Each structure stands twice: as structure tokens, then as C-alpha cells.
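Report on the structure
Residue strings, one per chain:
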Amino acid sequence: MTDGPEQSRGDPGADSAPIRRIIVAHPRTLAALAGRQLPANGREPVADDLGRQTPLGDIYLRSLMRAQLRLGLAVVGVLVAVLGGLPFLFLAAPALRNAVAAGVPAPWLIIGVAVHPVILTLAFVCLRHARQNEHDFTDLVERS
């Protein structure tokens, strides 16, 4: 497409002005491109893909979201297994179910006291892995 008069490619007498290209894109994409030069290698960095909400940027963002979802589901799964396994533990070990320590029944101590360090440990592990996922994603964006 040209902005000026039609030029035929085979006509040697045609005006030798360079052909001007017209970009047809979504207004949001055009606003993001305004006043910005493309990199010398012609490739867009991942940060630009994320900022302009391109399909490639969407893929990167979805991969981070999937990693965080997997982590959350794993932590919840472990928590459900630990807390859900306590009734079976009490059924399997009647001596534990009937034990008393310092006048407090053992099941109360296990559920009221021993579960909290497990929950705090899972929270710490979840936080550490979530930060690692975000750090890996940030490194990916900055490397590109």
C-alpha cells in the first residue's frame, strides 16, 4: 500500500520515491508503538509483549499463573492430607485417642497445638516457592 499515487513495478519511468508502509493495528497497539523505536535486532523484548498485551506476552503471563496455581494446589493438597488424615490416625491408634497429657486429651493437643507448626511450615514453603516462581519470571523478562 502506498500513500501517494499508484506506482507500477514494471514501469522504469515511475517515480523512484520509496514506498511508505501503513500500519493497520488495534488503537491500543498503535498507542504503545507511538514514539518508540524497534530494537536493532528486530525482536521485541518480553517486557514489551507483556505491556502491549500481545499473544506471546499472554502466554508468558499464563505460564506464571499456572506455576502459582500448581503451587497453591500442592500446598492445599498437603494441608488437606495432613488435617484429613488426623481422624484416621485417631481411629487407627486407640491408645493415642485415649491418651491424656497434663490433664488434656491427646487429640486436643494434636489438633490445637501440633497442627499450627505444620500450617506455618506450609505457609513458609508456599511463600518461598511463590517468590522463586516470580523471580524466575522476572529473570525471563529481563533476559529477553
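Report follows, based on the coordinates. (Residues numbered from 1 in each chain as written. Predicted model: local features only at pLDDT ≥ 70, side-chain atom pairs only at ≥ 80, totals over all residues. Heavy atoms only, no water.)

**Here we look at the overall build of the chain**
To keep things clear, this is the line we draw: What counts as a helix is a DSSP run of H or I of at least four residues, what counts as a strand is a run of E of at least two, and both are numbered from the N terminus. Any residue under 20% of the maximum accessible area for its type is buried, any over 50% is exposed, and the rest in between are partly exposed; the area is computed with a 1.4 Å probe on protein chains only. Throughout, a contact is declared for two residues whenever any of their heavy atoms are within 4.5 Å. In this description, accessible areas are obtained by the Shrake-Rupley approach with a 1.4 Å probe, and a residue is regarded as covered only by the protein chains that are shown.
Along the backbone of the chain there are five helices and two strands. Ordering the α and β elements of the chain from the N terminus gives α-α-α-α-β-β-α. Every one of the 144 residues in the chain was classed for burial, and the buried ones make up 12%. Nonlocal contacts in the chain, meaning residues at least 24 apart in sequence, comprise 44% of its contacts between residues at least 6 apart. As displayed, the chain offers around 11,100 Å² of accessible surface, 65% of which is attributable to carbon and sulfur atoms.

**What about helix H5 (residues 106-143)?**
What counts here: The span one expects for a helix is its residue count, reduced by one, times 1.5 Å. One axis is fitted to the seven residues ending at the residue and one to the seven starting there. The bend at that residue is the angle between these axes.
Along its 38 residues, H5 runs 54 Å from first to last C-alpha, staying within 8% of the 56 Å computed at 1.5 Å per residue. Bending of H5 peaks at approximately 35 degrees at the position of Val115, with proline Pro117 no more than four residues after it. Taken together, the buried positions of H5 are occupied by Ala106, Pro107, Val115, Leu122, Ala130, Phe137 and Val141.

Geometric values such as these leave the question of function open.
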